[in-house]
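Each chain, letter by letter, is given below.
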Amino acid sequence: MNEDARHRRAIPYTRESRGLGVIVGFDASDQGTRALHYAAVEAHRRSLPLTVISAFTVPRAVAGYVDSAAEITGDSLARRGAEDMLDEAREHLRNYPGKVAYRVEHGDAAGVMIARSENAAFAVVGGRGRGGFVGRLLGSVSSALPVHAHCPTTVVNRRYDPGMIGGATRFTPRPDDRPVIVGVDGSRHGRVAALHAAEAAMARGTNLEVLLALPPIDSSVLWYSSRSAKDAGITDKELQGLQERLDGEARWLGSHFPGLSIEGVLEEGSAAHVMASATARAQLTVMGTRGRGGITSALLGSVSRSVLIEARGPVQVVPLLADARLENHEEFSPVL
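Please read these numbers as outputs of a predicted model, since none were measured by experiment.

**Here's the deal with the packing of helix H8 (residues 188-204) against helix H9 (residues 236-256)**
Part 1 of the argument: In contact at an axis separation of 11 Å, H8 and H9 are set at 50° when each is read in the N-to-C sense. Of the possible angle classes, the one that applies to H8 and H9 is oblique. Of the two possible hands of crossing, H8 and H9 adopt the one that is right-handed. Packed against H8, whose contacting residues are Arg 191, Ala 194, Leu 195 and Ala 198, the element H9 presents Glu 249, Trp 252 and Leu 253 at the interface.
Part 2 of the argument: Residue composition of the contact of H8 with H9, by class: five nonpolar, no polar and two charged.

**Some thoughts on the pairing of strand E4 (residues 122-126)**
On a regular strand, each side chain points to the face opposite its neighbour's, so the side chains alternate between the two faces of the sheet.
Part 1 of the argument: The buried count for E4 comes to five of five residues, which makes it a mostly enclosed element.
Part 2 of the argument: With burial as the criterion, each face of E4 is covered, one bearing Phe 122, Val 124 and Gly 126 and the other bearing Ala 123 and Val 125.
Part 3 of the argument: Relative to E4, strand E1 (residues 22-25) is paired through three bridges, and the arrangement is parallel. Along E4, the bridge assignment pairs Val 24 with Val 124.
Part 4 of the argument: Relative to strand E5 (residues 153-156), E4 runs parallel, the two being bridged by four bridges. Its bridge partner lying in E5, Gly 126 is registered against Val 156.

**Quick notes on the packing of aromatic side chains**
Part 1 of the argument: Taken as a whole and assessed by the stated rule, the structure comprises two aromatic pairs.
Part 2 of the argument: Taking the centre distance of 5.4 Å and the plane angle of 75° together, the rings of Tyr 38 and Tyr 160 count as edge-to-face. Of this pair, Tyr 38 sits in helix H2 (residues 30-46) while Tyr 160 sits in the loop between E5 and strand E6 (180-183), placing them 122 residues apart in sequence. Both residues of the pair, Tyr 38 and Tyr 160, count as buried.

**Things to note about the side chain of His 196**
Part 1 of the argument: Checked against the element boundaries, His 196 lands in helix H8.
Part 2 of the argument: Residue classification places His 196 among the buried residues on the basis of a relative accessible area of 4%.
Part 3 of the argument: Once residues lying within four places of it in the same chain are set aside, the contact partners of His 196 are Tyr 13, Arg 15, Pro 152, Gln 316, Val 318 and Leu 321.

**A short note on the nonpolar core**
Part 1 of the argument: Residues Leu 50, Val 52, Val 182, Leu 208 and Leu 253 are the most contacted members of the largest nonpolar core, which totals 83 residues.
Part 2 of the argument: The dominant element in this core, judged by the number of residues it contributes, is H8, at eight residues.
Part 3 of the argument: Excluding residues within four positions of it along the chain, Leu 208 makes contact with Val 180, Val 182, Ala 194, Ala 197, Ala 198, Ala 201, Leu 253, Leu 260, Ser 261, Ile 262 and Glu 263.

**Thoughts on the environment of Val 112**
Part 1 of the argument: By secondary structure assignment, the location of Val 112 is in helix H6 (residues 109-116).
Part 2 of the argument: Judged by relative accessible area, Val 112 falls into the buried class, the value being 7%.
Part 3 of the argument: Not counting residues up to four positions away in its chain, the partners in contact with Val 112 are Ile 53, Ala 55, Glu 105, His 106 and Gly 107.

**Points about the pattern of salt bridges**
A side chain of one charge can pair with a side chain of the opposite charge when the charged atoms of the two come close.
Part 1 of the argument: All told, the structure shown has 16 salt bridges when counted by the stated rule.
Part 2 of the argument: Arg 79 is the partner of Glu 83 in a salt bridge, and the nearest nitrogen-oxygen pair spans 3.3 Å. Placement of the pair is Glu 83 and Arg 79 together in helix H5 (residues 77-92), with a separation of four residues, close to one helical turn.
Part 3 of the argument: One salt bridge connects Arg 325 with Glu 199, and the closest N-O pair in it is separated by 2.9 Å. A residue pair is termed long-range when its members are at least 10 positions apart, and Arg 325 in the segment after strand E10 (315-318) and Glu 199 in helix H8 qualify at 126 residues.
Part 4 of the argument: Among the ionic contacts, a cluster of salt bridges with common partners joins Arg 15, Glu 199, Asp 323 and Arg 325.

**Some thoughts on the pairing of E10**
Part 1 of the argument: Because side chains alternate across E10, one face comprises the buried residues Val 315 and Val 317, and the other comprises Gln 316 and Val 318, equally buried.
Part 2 of the argument: In the sheet, E5 pairs with E10 via three bridges, with the strands oriented antiparallel. The residue bridging Thr 154 from the neighbouring strand is Gln 316, located in E10.
Part 3 of the argument: Inspection of the sheet shows strand E9 (residues 284-288) paired to E10 by four bridges, in the parallel sense. Counterpart to Met 287 in the pairing with E10 is Val 317.

Here is what the cut-offs are and how they apply
Residues numbered from 1 in each chain as written. Predicted model: local features only at pLDDT ≥ 70, side-chain atom pairs only at ≥ 80, totals over all residues. Heavy atoms only, no water. Axes fitted to C-alpha atoms, helices over the stretch in contact; angles between N-to-C directions. Helix = DSSP H or I, 4+ residues; strand = E, 2+ residues; numbered from the N terminus. Parallel < 35°, antiparallel > 145°, perpendicular 65-115°, else oblique. Left-handed = near helix turned anticlockwise from the far one by under 90°. Contact = heavy atoms within 4.5 Å. Nonpolar A, V, L, I, M, F, W, Y, C, P; charged D, E, K, R; others polar. Buried < 20%, exposed > 50% of the residue type's maximum accessible area, 1.4 Å probe, protein only. Pairing = 2+ DSSP bridges. Phe/Tyr/Trp six-rings, centres within 6.5 Å; stacked < 30°, edge-to-face > 60°. Core = buried A, V, L, I, M, F, W, Y, C linked by side-chain atoms within 4.5 Å. Salt bridge = Lys/Arg side-chain N within 4 Å of Asp/Glu carboxyl O.

So, in structure tokens, the structure goes:
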């Protein structure tokens, strides 16, 4: 299946069948350590197992002079380096109260995480690192893991402070009244992301903000079927109509998450700017992998790089996952 077809087809997803729980790529860098702590807290919060993964590859200049099978399975220098990283992870997770597994994998770091995401409920990775797991995300393959993963992926950057999180223990989250914010644009991808954002808000005991960006009218005519690129702006009546539809999205989410406080917010600006700005006031910002050209579709292009680089907090990217809760959407909200 090519990548475009994959993004049009929902990925089967039931958390109970994803035995690895929360997977985290660890390379012993500063941001890798922050991601490790975030993943541990998330696994503890969700009562899921935690799987810590370190990957290694054989440099091309070396691979031709060794037995490749021995390099992968034996006591090679590269493998020992990966195992040393996991020893560091064990030290960081000392006294962690949940179930933890440690895995050394041979292969490209991003490829290893993508493969393991098929059996994971969530994936976590740092924003930058030593050129293994986390360094690749903002390098040559940009958003490789968030775009290709088979589960929601959270990118944790340097602004995440483990010292501000721990409550009774280092892995027990403190109360946080900041909202979870999700970007929507009326697409199926955006609604799947909204469902996962609502779950995250419930798990954190906070409210959910459903955010719709209003890009410049001349670059997003398709959002407003009655307008043209020559129009100078959007009328109050049209804004009211968009707000009503957004409120319908909130009602639909509320039908699946009774008791959750949900607010629909319209904000003018480009998708990249609106979502990057939102990360400064959210404890978690959630986006889908594709949409209608507004917030989510941009994750496959330059906007994803912009949001991940400029983010001031964790960003979760949710692929198009199969979800039966989408079936009753039209009872609450017409298509945006």
